[in-house]
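Below are the chains, spelled out letter by letter.
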Amino acid sequence: MEQQVRVQKILDDGTAQVVLSRQNACSGDCHKCSGCGAVGQTLTVIAQNPIGACVGDGVIIRSKTAPVMKGALVLYILPLLLFFLGYALGAAWGLGAWIGGLAFVLAIAGVVGYDRRVSAKENNVYTIVGY
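Residues numbered from 1 in each chain as written. Predicted model: local features only at pLDDT ≥ 70, side-chain atom pairs only at ≥ 80, totals over all residues. Heavy atoms only, no water.

Visitor: With reference to specific residues and values, describe the nonpolar core.
Guide: One finds Val5, Val7, Ala16, Val18, Leu20, Val45, Ala47, Ala53, Val59, Ile61, Tyr126 and Ile128 forming the largest nonpolar core, which totals twelve residues. Going through the elements one at a time, β1 (2-10), β2 (15-22), β3 (41-48), β4 (58-63) and β5 (126-130) are the ones with two or more residues in this core. Of all the elements, β2 adds the most residues to this core, at three residues. Setting aside residues up to four positions removed in sequence, Val59 forms contacts with Gln3, Gln4, Val5, Val7, Ala53, Ile128, Gly130 and Tyr131. (Core = buried A, V, L, I, M, F, W, Y, C linked by side-chain atoms within 4.5 Å. Buried < 20%, exposed > 50% of the residue type's maximum accessible area, 1.4 Å probe, protein only. Helix = DSSP H or I, 4+ residues; strand = E, 2+ residues; numbered from the N terminus. Contact = heavy atoms within 4.5 Å.)

Visitor: Describe helix α2 (residues 98-121), naming the residues involved and giving the relevant values.
Guide: Here α2 spans 35 Å end to end across 24 residues, near enough to the 34 Å set by a 1.5 Å rise per residue. Residues of α2 that are buried: Ile99, Gly100, Ala103, Ala107, Val111 and Tyr114. For α2, the elements touching its buried residues are α1 (66-93). (Expected span 1.5 Å × (residues − 1).)

Visitor: Residues and numbers for the pairing of β4, please.
Guide: Burial along β4 is one-sided: Val59, Ile61 and Ser63 are buried, and none of Gly58, Ile60 and Arg62, which face the opposite way, are. The sheet contact formed by β1 and β4 spans five bridges and is antiparallel. Among the inter-strand pairings, Glu2 is bridged to a residue of β4, identified as Arg62. Where β4 and β5 come together, four bridges link them in antiparallel fashion. Paired with Ile60 across the bridge in β5 is Gly130. (Pairing = 2+ DSSP bridges.)

Visitor: Please give an account of the packing of aromatic side chains that cites residues and values.
Guide: Tallied over the full model, the rule gives three aromatic pairs. Ring centres 5.2 Å apart and planes at 65° place the aromatic pair Phe83 and Phe84 in the edge-to-face group. Judged by relative accessible area, which is 28%, Phe83 ranks as partly exposed. Where Phe83 meets Phe104, the ring centres are 6.4 Å apart and the plane angle is 85°; that geometry is what we call edge-to-face. Remark: Phe104 occurs in helix α2 and Phe83 occurs in helix α1; sequence separation between them is 21 residues. Taken together through their ring pairs, the aromatic side chains of Phe83, Phe84, Tyr87 and Phe104 make up a single cluster. (Phe/Tyr/Trp six-rings, centres within 6.5 Å; stacked < 30°, edge-to-face > 60°.)

Okay, structure coming up:
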């Protein structure tokens, strides 16, 4: 995943502090959709600086896609899969459909645990790849 950003500060360890804006599905033309109220969010992140970009340069940063896809899989697919698996097992064993709901709740607990673990180690590494 690539995004255009601006270098804010150069750090001593060969990295750069950059400011990026979170992109969302909204095009930003609020007058076209009656003003949804979506607000752009900016983040300050540290990026590897192998090309020697300077303060104020507009650069392109790249991040790995794998952590994002893994998070989407855990967030969206795992709860659904466990719900349907629990529902099928509950129906097959004669325990009722509430087993599916219990499996879903356990999946959500797993998602929360995964989110806390990933947030703690901050595994998204950004690299400046061009101007």
